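Geometric and topological summary
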Amino acid sequence: MKSTGSAPSFATQPLVVSCDVGMESLHLVCPAMSGSPFARVYAIDNRTEPIRRELTALREAALRSGHPHVRLVLEPTGVYDKLLINIARTLGFDVKLVNGEDVAKMRQVIFGDPGKTDKRDPTAIHGVATNGRMMIARDL
């Protein structure tokens, strides 16, 4: 069997930040930054300055921990995600989307029930992303 190359190194794997987008707030989780698979989900306002401040802090923390590439994963909302996506791209994040149906099924797998809450969704989005079920966020 012919080898297609070596496995990607730790440094080339993107650090995944998962986000549930709402009209008023964003709920984020990044298990790799906390040192635990049960990372704390935290909320910020869905406004320019809080988003820019938090994403800048996440990018700097990622660089300090040896992750030069940061990926933001979210479920598209149609309107409320545009500001977040634009700021993330400006700051050099790789932005990916996940399918809402996949997120709903992952909530059932992780939590044992389909209950939707802003605090649960980032964990379900992260589960979908870590299983490689992402789409490119295109700017048409």
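On a predicted model such as this, the values are computed, not experimentally measured, just so you know. Numbers given to residues run from 1 along each chain, matching the order in which its sequence is written. It should be noted that, the model being predicted, local features are given only for residues of pLDDT at least 70 and side-chain atom pairs only at 80 or more, the latter also being counted only at that level, while totals for whole chains, interfaces and linings use all residues. Side-chain numbers here rest on the full set of heavy atoms in the structure, without hydrogens or water.

Moving on, we come to the pairing of strand β5 (residues 94-97). Where strand β4 (residues 70-74) lies against β5, 4 bridges are found, and the strand directions are parallel. Counterpart to Leu-72 in the pairing with β5 is Val-95. By convention, a crossover is right-handed whenever its connection, traced from the first strand over the helix to the second and viewed with the strands pointing away, goes clockwise. Note on conventions: DSSP H or I runs of at least 4 residues are helices, E runs of at least 2 residues are strands, and numbering of each starts at the N terminus. Crossover connection from β4 via helix α3 (residues 82-90) to parallel β5: handedness right-handed. The sheet contact formed by β5 and strand β6 (residues 135-136) spans 2 bridges and is antiparallel. If you follow Lys-96 over to β6, its bridge partner there is Ile-136. DSSP bridges decide pairing: two strands pair if at least two such bridges lie between them.

With 25 residues, the main nonpolar core has Leu-26, Leu-55, Leu-72, Leu-74 and Leu-84 as its most contacted residues. Within the residue set of this core, elements represented by two or more residues are β1 (15-21), β2 (25-29), β3 (42-45), α2 (48-64), β4, α3 and β5. In contact with Leu-55, other than residues within four places in its own chain, are Leu-84, Ile-87, Ala-88, Leu-91 and Phe-93. Nonpolar cores were defined as sets of buried Ala, Val, Leu, Ile, Met, Phe, Trp, Tyr and Cys residues, with membership established by side-chain atoms within 4.5 Å. Per-residue accessibility, obtained with a 1.4 Å probe over protein chains only, is compared with the maximum for each type, and a residue is labelled buried under 20%, exposed over 50%, and partly exposed between these values. Within the second largest apolar cluster, 9 residues are counted, among which are Val-16, Val-73, Val-103 and Ala-124. Note on contacts: a residue pair is in contact if any heavy atoms of the two residues lie within 4.5 Å.

A word on the pattern of salt bridges. In a structure, side chains of opposite charge can pair up when their charged atoms sit close to one another. Any Lys or Arg side-chain nitrogen located within 4 Å of an Asp or Glu carboxyl oxygen qualifies as a salt bridge. Scanning the entire structure with this criterion turns up 4 salt bridges. Salt-bridge contacts for Asp-121 lead to Arg-107; the nearest nitrogen and oxygen are separated by 2.8 Å. Linking Asp-121 in helix α5 (residues 121-130) with Arg-107 in helix α4 (residues 100-111), this pair joins segments that are 14 residues apart in sequence.

All right, on to the side chain of Asp-121 then. Judged by relative accessible area, which is 0%, Asp-121 ranks as buried. Residue contacts for Asp-121: discarding those within four places in its chain leaves Asp-20, Arg-107 and Lys-116.

With that out of the way, let us pick up α2. Between its terminal C-alpha atoms α2 stretches 24 Å, which fits the 24 Å expected from 17 residues at 1.5 Å a residue. Within the span of α2, buried status applies to Pro-50, Ile-51, Leu-55, Thr-56, Leu-58, Ala-61 and Ala-62. Count one or two residues on from α2 and you reach Gly-66, which has phi positive near 90 degrees. Every helix has an expected span of 1.5 Å times one less than the residues it contains.

Attention shifts here to a nonpolar patch on the surface. On the surface, Met-23, Val-79 and Tyr-80 cluster together into a nonpolar patch covering about 300 Å² of accessible area. Here Met-23 lies in the loop between β1 and β2. Residue classification places Met-23 among the partly exposed residues on the basis of a relative accessible area of 48%. Any residue with relative accessible area above 30% and no salt bridge may belong to a patch, with like charges joined within 9 Å and the nonpolar Val, Leu, Ile, Met, Phe, Trp and Tyr side chains within 5 Å. Computed with the Shrake-Rupley method and a 1.4 Å probe, the accessible areas treat only the protein chains shown as cover for residues.

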